[in-house]
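As a plain string of letters, each chain reads:
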Amino acid sequence: MSDRENSSSFVATFDKLICADDSGTDENPLYSSQDKQQVSMSMPRHESSRIPYRLLTVILAVMAVILLAINIGLGVYYNQLTGGQQTIKDIHSEVAKLQAAYSAAIQERIDAKKQLDRELGEQQRLKWDLEHQTKRSKDYEKQIHKIQDEVSELKSLIPLFSMGCRHCNTGWIFLHLRCYYFPFHELPRRWNEARQFCQKLGGDLAVIDTPEKTVSITNLIKSHHDAERSIYQGAYWFGLSDVEEENVWKWPDGRRLTESYWNDGEPNDDNDEDCGATYPRKNPLKAWNDAPCNMYMKWICEMEPHDII
Ligand code: 2F8
Ligand code: CA
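Reading the values: the criteria
Residues numbered from 1 in each chain as written. Chains lettered and ligands numbered in written order. Predicted model: local features only at pLDDT ≥ 70, side-chain atom pairs only at ≥ 80, totals over all residues. Heavy atoms only, no water. Buried < 20%, exposed > 50% of the residue type's maximum accessible area, 1.4 Å probe, protein only. Helix = DSSP H or I, 4+ residues; strand = E, 2+ residues; numbered from the N terminus. Pairing = 2+ DSSP bridges. Donors = N, O, S within 2.8 Å, 3.2 Å for Na, K, Ca; no water. Phe/Tyr/Trp six-rings, centres within 6.5 Å; stacked < 30°, edge-to-face > 60°. Salt bridge = Lys/Arg side-chain N within 4 Å of Asp/Glu carboxyl O. Contact = heavy atoms within 4.5 Å. Axes fitted to C-alpha atoms, helices over the stretch in contact; angles between N-to-C directions.

### Some words on the pairing of strand 5 (residues 236-241)
By the criterion of burial, strand 5 is predominantly enclosed, with six of the six residues buried. One ladder, built from three bridges, connects strand 5 with strand 6 (residues 275-278); its direction is antiparallel. Looking at strand 6, one finds that Tyr236 is bridged to Thr278.

### A word on the coordination of the calcium ion (ligand 2)
Here the calcium ion (ligand 2) is held by the protein donor atoms Glu266 (OE), Asn268 (OD1), Glu273 (OE), Asn289 (OD1), Asp290 (O) and Asp290 (OD), which lie 2.3 to 2.5 Å from it. In primary-sequence terms, the residues that donate to the calcium ion (ligand 2) follow E-x1-N-x4-E-x15-N-D. You can see Asn268 sitting in the loop between strand 5 and strand 6 and its partner Asp290 sitting in strand 7 (residues 288-291), a full 22 residues away along the chain. The exposure class of Asn268 is partly exposed, given its relative accessible area of 38%.

### Quick word on unusual backbone geometry
Cis geometry is found at the peptide bond from Glu266 to Pro267, where omega equals -5 degrees. Along the polypeptide, Pro267 turns up in the loop between strand 5 and strand 6. Unusually for a residue other than glycine, His176 sits at a positive phi of about 50 degrees. Among the structural elements, His176 can be located in the loop between strand 2 (173-175) and strand 3 (178-181). On the accessibility criterion, His176 (35% relative accessible area) is partly exposed.

### As for the packing of aromatic side chains
By the definition in use, this model includes 13 aromatic pairs. Between Phe197 and Trp299 the ring centres are 5.0 Å apart and the planes differ by 70 degrees, which places this aromatic pair in the edge-to-face class. With Phe197 in helix 4 (residues 191-200) and Trp299 in strand 8 (residues 298-299), the pair connects residues that are 102 residues apart, well separated along the chain. The exposure class assigned to Phe197 is buried, which follows from its relative accessible area of 14%. The exposure class of Trp299 is buried, given its relative accessible area of 0%. Ring centres 6.0 Å apart and planes at 50 degrees place the aromatic pair Phe238 and Trp251 in the tilted group. Taken as a pair, Phe238 in strand 5 and Trp251 in the loop between strand 5 and strand 6 lie far apart in primary sequence, 13 residues in all. Ring-pair connections join several aromatic residues into one group, and the members of that group are Phe238, Trp249, Trp251, Tyr261, Trp262 and Trp288.

### Brief notes about the pattern of salt bridges
Applying the stated criterion to the full structure yields eleven salt bridges. Among the ionic pairs, Glu302 bridges to Arg178, the shortest N-O distance being 2.7 Å. One end of the pair, Glu302, is in strand 9 (residues 301-303); the other, Arg178, is in strand 3, and 124 residues separate them in sequence. Exposure remark for Glu302: the relative accessible area of 7% places this residue in the buried category. A residue is classified by how much of its surface remains accessible, and Arg178, at 26% relative accessible area, is partly exposed. The partner of Asp209 in a salt bridge is Arg255, with the nearest N and O atoms 3.5 Å apart. Here Arg255 lies in the loop between strand 5 and strand 6 and Asp209 lies in the loop between strand 4 (204-205) and helix 5 (211-223), a separation of 46 residues in the sequence. For Asp209, a relative accessible area of 22% corresponds to the partly exposed category.

### A short note on the sheet that holds strand 8
Backbone-to-backbone hydrogen bonds join strands into a sheet, with any given pair of strands oriented parallel or antiparallel. Taken together, the four strands give an open sheet; going across it, the order is 7-6-5-8, and neighbouring strands pair in mixed fashion. Each edge of the open sheet carries a strand with a single partner, namely strand 7 and strand 8. Direction of pairing for strand 5 relative to strand 8: parallel, over a ladder of two bridges. Residue pairing across strands places Trp237 opposite Trp299, the latter belonging to strand 8. Where helix 4 meets the sheet, it contacts strand 5, strand 6 and strand 8, and its direction lies at approximately 95 degrees from that of strand 5.

This is the structure in structure tokens:
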């Protein structure tokens, strides 16, 4: 068969198919019933072909719905994913901020430590300086006391010259027109033993009956007192007692006490205390205490200056 014949046969068959589709409605006189018969045999019948189309449509619709659901699901998932990524980014940036803050805090701590070390060094230097200055000031204080003693000793010589050639024995100190003896290097004694010592030298325990005397004597005993030791270890007996009658204080010559320089709360006769002692206190007008007469301590003797023989 030639191409031309083939093509005309195809056109004819196609025309028949078109007609077969319309066969339910049109009565086309162009085609014979035999032709119609031919067509109905080569194609499925019109009613039976509708069912697969519907099924196909339903399947396609279901698939479309499924695809749509998948699409929506993927969209949601993508959103969550991108949302999660954003959260991770936020956390990263938060971590970076925290790390920066941590590094800054560490640096601050290092700086603060350096500053602290500098200040501790400075404090240590100031402490040494203070110790040094305190020591110097104590040394100066000692020197001042020494000079004050020398001055009062020299001053005490002035009346000696004006009185003529009256003087004190060697080792005695001329103070307020009287001679005083401080046995700094003797062993401590009881009040009575101390008194006997003074009497053997021609004197008696000291009478401290003026503010000037208590100031001079207190300054003198303070200059011989080691500040590191207790004030009670710098005590000296003097000539005052209430042995004869409790709370009636008398001097060795029997005179009653009129002007006194007791410390606050004294005399308190604490544990039978009948003898007067004076201490290297800051305030010389509060230098006295009554102590038990059998206690051992240093003492102060006094006697009149005498003419040079
Ligand atoms: O507190 C004052 C008191 O101190 C001492 O006793 C704890 C004295 N005693 C002696 O020196 C032995 C008291 O005389 C003094 O009153
Ligand atoms: Ca007392």
